[in-house]
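# Summary of structural features
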Amino acid sequence: MMSLTCSNLEFGRTRWDFAACGCSSNASTNRVTARNCGKGVLQNVNRRGGARRLRCCRRDAGRCRVFSTKTPEAFLNGVAAGPPPVLDLAEEEKGLPSMSNMFEVVAEDLLTLNKNLQSIVGSENPVLMSAAEQIFEAGGKRMRPALVFLVSRATAEIAGLKDLTKEHRRLAEIIEMIHTASLIHDDVIDESDMRRGKETVHQLYGTRVAVLAGDFMFAQSSWYLANLENLEVIKLISQVIKDFASGEIKQASSLFDCDVHLDEYLIKSYYKTASLIAASTKGSAIFSGVDNGISEKMYQYGKNLGLSFQVVDDILDFTQSAEQLGKPAGSDLAKGNLTAPVIFALEKESKLRDIIDTEFCETGSLEEAIEIVKNSGGIDRARELARGMADLAIENLHCLPPSPFRLSLEQLVNYNLERIK
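Not measured: the values here are computed from a predicted model.

### Notes on the overall build of the protein chain
- If you tally the helices and strands in the protein chain, you get 18 helices and 10 strands.
- Each of the 421 residues in the protein chain was classed as buried or not, and the buried ones make up 58%.
- When the accessible surface of the protein chain is split by element, carbon and sulfur atoms take 51% of a total near 17,200 Å².

In C-alpha cells, the structure reads:
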C-alpha cells in the first residue's frame, strides 16, 4: 500500500478523506476559465516558468489548427430494451464475470424499468422521443439503476419492508434519465460520432435537437423528482445536475495543465462520475427508511465505487486497444485531459511535461507520451489508487446484513478491479 499523503477535500455537503492516493504534486492556484472562441474553445495552457496563454487548438493529423476542443468521453451506461445484456466478448475472453449475472437478483426490477422508461420520457414530441430512444437502445450495463435496486433491496430488509416501494422504482427511472441526458450532452461537447456502435443523437438529428433532447430529459426527470415529495432526496439528486456542469467546467479549464493536482482530478471525477452513483445509493437507502448512519454509508459506498470506476477507466485508456475501447487509445491524453496515470507519471518524468506542453503537435509525440506513462510507474500507482477506493467501498458495505444483494454490491467492486488485472 502506498503512503497516504493526500489532503482532505471539502465538498460542501460532506468531507472526504481519500486513502491510498499517494499524491505529492503542487497544484497551481492560477486557473483561467475557458470561454467560447468562435467555433473553438480558448484553452488555459500552462507553460514552464509560470507563464500562461490562451489559445484555440486541437490535434489533427499531427498538426495544430483552430477548432473546438474535445473533452473525454463519459463512461457509458445506457439502457437497452429487453433482457439485461451480457458483457462484450472482449471482457468475457479476459475471464471477467458477467455483469448480468451479478445483477441477476434484480433482473425482474430491471425489466420493469425498461418497460417504464419509454412512458416516463413522454411522447409529446416525436423527435425528442426518437432521440431518447436512440441512446436508450444503445446498450450498456445499466449499472446505475441496478445499484438503486440492489441497495434498495439490501436496506429494505433492514427496515422490514417486504418489497420495493414505488419511490424506489421511480428513483431508478429518474437516475437513468439523468444519466442518459448527460450522455447526450457529453456527446455534443466531445463531438463524438458513435456511442456503443450507434450514431450519436447529434450526429443523427443535429446539435440543436441533441441539446434540446438532453434539456428535455433533465427537465422531465426533475419534474418526476419533485413529485417524489422527499426534500432530502430532491436536494441530493438536484445537486448532481449541478455537479455535471461543474465537472465539465473544471475539465475544460485545466486541459494540458501539467500542474493539475491529484485532488483536483478526484474532485472532477466525483462531479462527472461518482456524484450520480453516490446520490443513487444514498437515495435508495433513504426511501427504505433506514437510519442516517446507514444511508451515509451507502453514499460513501457509491462515491468510492464511482471514483474507483473512473480511475480504472482512465487506466484502460492506456492499456486497452482501440478496438476494445471503441475509441483511439490515449484519446483522453490527446485531448489534454490529464488523468491519474499521467499525473503520477509527471511526478517522475520531466520529459513528459515538455511533450504535453507542445500539445502533441509533433508527429509521434502522443505515442511517445503514452510510452512514458506506461514505463514510469504511473499506471501501477493508479491501480493502487483504484484499489484503495475499492477497499473503502467494501468497508462501507459492512453495515448491511449478509444477503444476495450485498454480495452483488461487493462483486461489482471486485469486477471493476478485475478489468485492470
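### Notes on unusual backbone geometry
- Unlike most non-glycine residues, Glu-229 shows phi in positive territory, near 55°.
- Looking at the element boundaries, Glu-229 is found in the loop between helix H8 (207-226) and helix H9 (231-252).

### A few points about the packing of helix H10 (residues 262-288) against helix H11 (residues 292-319)
- Running from N to C, H10 and H11 cross one another at 145°; their axes reach a closest spacing of 7 Å. Taken as a pair, H10 and H11 cross one another with a handedness that is right-handed. Facing H10, whose interface residues are Tyr-265, Leu-266, Ser-269, Tyr-270, Thr-273, Ala-274, Ile-277, Ala-278, Thr-281, Lys-282, Ala-285 and Ile-286, H11 presents Ser-295, Glu-296, Met-298, Tyr-299, Tyr-301, Gly-302, Lys-303, Gly-306, Leu-307, Gln-310, Val-311 and Asp-314.

### A short note on the packing of aromatic side chains
- The final tally for this structure, using the stated rule, is 4 aromatic pairs.
- On the numbers, 6.5 Å between centres and 50° between planes, the contact of Phe-218 with Phe-244 is tilted. Pair noted here: Phe-218 is in helix H8 and Phe-244 is in helix H9, with a separation of 26 residues, a long-range link. Considered together, Phe-218 and Phe-244 belong to a single accessibility category, that of buried residues.
- Over the ring of Tyr-299 we find Lys-282; its NZ or CZ atom is 5.6 Å from the centre of that ring.

### Structural notes on the nonpolar core
- One finds Phe-103, Tyr-301, Leu-333, Val-342, Leu-352, Ile-356 and Leu-412 to be the most contacted residues of the largest nonpolar core, which totals 105 residues.
- The element contributing the most residues to this core is H10, with 14 residues.
- What Leu-352 contacts, discounting residues up to four positions off in sequence, is Val-342, Ala-345, Leu-346, Ala-369, Ile-372 and Val-373.

### Considering the side chain of Thr-273
- Relative to the assigned elements, Thr-273 resides in helix H10.
- Assessed through its relative accessible area of 6%, Thr-273 is described here as buried.
- Among the polar contacts made by the side chain of Thr-273, one reaches the side chain of Gln-310 at a distance of 2.5 Å.
- Beyond its immediate chain neighbours, meaning those up to four positions away, Thr-273 contacts Arg-144, Gly-306 and Gln-310.

### Things to note about the pattern of salt bridges
- Across all of its chains, the model carries 14 salt bridges by this definition.
- Linking Arg-353 and Asp-259 is a salt bridge whose minimum nitrogen-to-oxygen distance equals 2.9 Å. Of the two residues, Arg-353 is situated in helix H15 (residues 350-357) and Asp-259 in the loop between H9 and H10; the sequence distance between them amounts to 94 residues.
- One salt bridge in this structure joins Glu-410 and Arg-406, with 3.0 Å as the shortest N-O distance. Here Arg-406 and Glu-410 lie together in helix H18 (residues 404-418), a separation of 4 residues that amounts to about one turn. An identical accessibility class is assigned to Glu-410 and Arg-406; each is buried.
- Linked by salt bridges that have partners in common, Asp-109, Arg-153, Asp-163 and Arg-169 make up one network.

### Overview of the environment of Ile-120
- Relative to the assigned elements, Ile-120 resides in helix H3 (residues 107-121).
- Distance in space between the C-alpha atoms of Ile-120 and Met-177 is 9.0 Å, their sequence separation being 57 residues.
- Those residues in contact with Ile-120 that lie beyond four places of it in its chain are Arg-170, Glu-173, Met-177, Gln-220 and Tyr-224.

### Points about the confidence of the model for the protein chain
- Across the protein chain, the average pLDDT comes to 78, with 70% of residues at 70 or higher.
- Considering only residues more than four positions removed or in separate chains, one finds that residues 1-94, a stretch of pLDDT under 50, has 267 contacts.

### Things to note about the packing of H11 against helix H17 (residues 378-396)
- Running from N to C, H11 and H17 point in directions that differ by 160°, and their axes come no closer than 8 Å. What the angle tells us is that H11 and H17 run roughly antiparallel. Considering the relative orientation of H11 and H17, their crossing is left-handed.
- Split into classes, the residues belonging to the contact of H11 with H17 amount to 16 nonpolar, 5 polar and 2 charged.

Definitions and cut-offs
- Residues numbered from 1 in each chain as written.
- Predicted model: local features only at pLDDT ≥ 70, side-chain atom pairs only at ≥ 80, totals over all residues.
- Heavy atoms only, no water.
- Helix = DSSP H or I, 4+ residues; strand = E, 2+ residues; numbered from the N terminus.
- Buried < 20%, exposed > 50% of the residue type's maximum accessible area, 1.4 Å probe, protein only.
- Areas by Shrake-Rupley, 256 points an atom, 1.4 Å probe, with all protein chains shown as cover.
- Axes fitted to C-alpha atoms, helices over the stretch in contact; angles between N-to-C directions.
- Left-handed = near helix turned anticlockwise from the far one by under 90°.
- Contact = heavy atoms within 4.5 Å.
- Phe/Tyr/Trp six-rings, centres within 6.5 Å; stacked < 30°, edge-to-face > 60°.
- Lys NZ or Arg CZ within 6 Å of the ring centre and 35° of its normal.
- Core = buried A, V, L, I, M, F, W, Y, C linked by side-chain atoms within 4.5 Å.
- Polar contact = N/O pair within 3.5 Å; in protein donor to acceptor, adjacent residues only side chain to side chain.
- Salt bridge = Lys/Arg side-chain N within 4 Å of Asp/Glu carboxyl O.
- pLDDT = per-residue confidence, 0-100.
- Parallel < 35°, antiparallel > 145°, perpendicular 65-115°, else oblique.
- Nonpolar A, V, L, I, M, F, W, Y, C, P; charged D, E, K, R; others polar.

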